[in-house]
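# Understanding the architecture of this molecule
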Amino acid sequence: VEEYCENLTSLIKPVVKTLKETGSMMLNIGETYRNGVSQRVPFKLIDYVEKNTDLIFNEMLIWSKKNPKGNGGADDRNRPTTNVEYILWFVVNPEKTKYKKLTYKNGELTTVVSKGYKDVDKNGKKSPKGVQLTTGYKKIYNHIKEQEVFNVITTSCGRNHDVFKIYEGGGPAVMSELLPVCPILMTTDEGDLVYDFMSGTNVVGRMSHLL
């Protein structure tokens, strides 16, 4: 595990030089298990990156797969099937990093007028709160679900949109085509540069181009 973290960090060092002060670097990584026991690879990698580069760990996004693969017969007897990966989010300058809260229309929510209470004092007296209007929107949390992103794309863009066609067509990439969508939208503006230094089948490149 230590050798892996050391080698991966050495690949990251030249990438850091390309980042602006507003930039972010995200690493998508799964956990490794030996005899069914977690090796804590994502957490050890955070320490290695911070120790050996100028990057600062900002947040861990949890990616939940819609159709997880099984752990294999032996592991399934020791622990539940793993359906998450981690997106480690590092930044150059936490005070200047670009970040946008992502919201989307939720078909299950309707706009309604509600009136509640703001607070209750020690004597049980409730202070009145003004009338509220629910918006019918949900926000993306740090636990990003593949099914949720899938729903955003199919409801807001339509089934014939290029993004959905790439998802539906599949490909040889292990990474889900939907995984880069939220990190890209969270941390970049249109026209910014997205650089994938381990591009594989170029999922990140294709999604960046379409977005």
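Details of the structure are given in the entry above.
Here goes a summary of the coordinates provided.

### Structural notes on the environment of Gln-147
- Locating Gln-147 in the fold gives a position in helix α4 (residues 146-156).
- Given a relative accessible area of 33%, Gln-147 falls into the partly exposed group.

### Re the pattern of salt bridges
- Summed over the entire model, instances satisfying the criterion amount to five salt bridges.
- A salt bridge links Glu-2 to Lys-44, with the shortest nitrogen-to-oxygen separation between them at 3.7 Å. Of this pair, Glu-2 sits in helix α1 (residues 2-16) while Lys-44 sits in helix α2 (residues 41-52); the two residues are 42 residues apart in sequence, bridging distant segments of the chain.
- Residue class for Glu-2 comes out partly exposed when judged on its relative accessible area of 43%.
- Two residues, Asp-189 and Lys-98, come together in a salt bridge whose shortest N-O distance is 2.9 Å. Taken as a pair, Asp-189 in the loop between α6 (181-187) and α7 (203-210) and Lys-98 in the loop between β5 (84-91) and β6 (103-105) lie far apart in primary sequence, 91 residues in all.
- The exposure class of Lys-98 is partly exposed, given its relative accessible area of 25%.
- Salt bridges sharing common partners tie together Lys-98, Lys-100, Asp-189 and Asp-192.

### So, the sheet that holds β5
- Strands sit in the order β1-β5-β4-β12 across an open sheet of four strands; the sheet is mixed. Of all strands in the sheet, those with a lone pairing partner are β1 (24-29) and β12 (143-145), marking the two edges. The mean angle between the axes of side-by-side strands here comes to 25°, regardless of whether they run parallel or antiparallel.
- As paired elements, strand β4 (residues 56-64) and β12 share three bridges and run parallel to each other. Paired with Ser-64 across the strands is Lys-145, a residue of β12.
- Along the sheet, α2 contacts β1, β4 and β5; its crossing angle with β5, the most-contacted strand, is approximately 15°.

### Topic: the environment of Pro-183
- Within the fold, Pro-183 resides in helix α6.
- Looking at Pro-183, the relative accessible area reads 8%, which means it is buried.
- For Pro-183 and Leu-61, which are 122 residues apart along the polypeptide, the C-alpha to C-alpha distance reads 8.9 Å.
- If sequence neighbours within four positions are ignored, Pro-183 has contacts with Met-26 and Ile-87.

### Brief notes about the pairing of β5
- Burial within β5 is extensive, with seven of its eight residues counted as buried.
- Alignment of β1 against β5, held across six bridges, turns out to be antiparallel. Looking across to β5, one finds that Asn-28 is bridged to Ile-87.

So, how was this worked out
- Counting from 1, residues in each chain are numbered in the order their sequence is written.
- Local features are withheld for residues below a pLDDT of 70 in this predicted model, meaning they are given only at 70 or higher, and side-chain atom pairs are given and counted only at 80 or more; totals for whole chains, interfaces and linings count all residues.
- The side-chain figures draw on all heavy atoms in the structure; neither hydrogens nor water molecules are used.
- Counting from the N terminus, the helices are the DSSP runs of H or I reaching at least four residues and the strands are the DSSP runs of E reaching at least two.
- Buried means the residue's accessible area, taken with a 1.4 Å probe over protein chains only, is under 20% of the maximum for its type, while exposed means over 50%, and partly exposed covers the values in between.
- Only one rule defines a salt bridge in this text: a Lys or Arg side-chain nitrogen within 4 Å of an Asp or Glu carboxyl oxygen.
- Any two strands with at least two DSSP bridges between them are considered paired.
- To define axes, lines are fitted to C-alpha atoms, for helices over the stretch in contact only, and angles between the resulting N-to-C directions are given on a 0 to 180 degree scale.
- We call two residues in contact when some of their heavy atoms are within 4.5 Å.

These results come straight from atomic positions and should not be treated as a statement about function.
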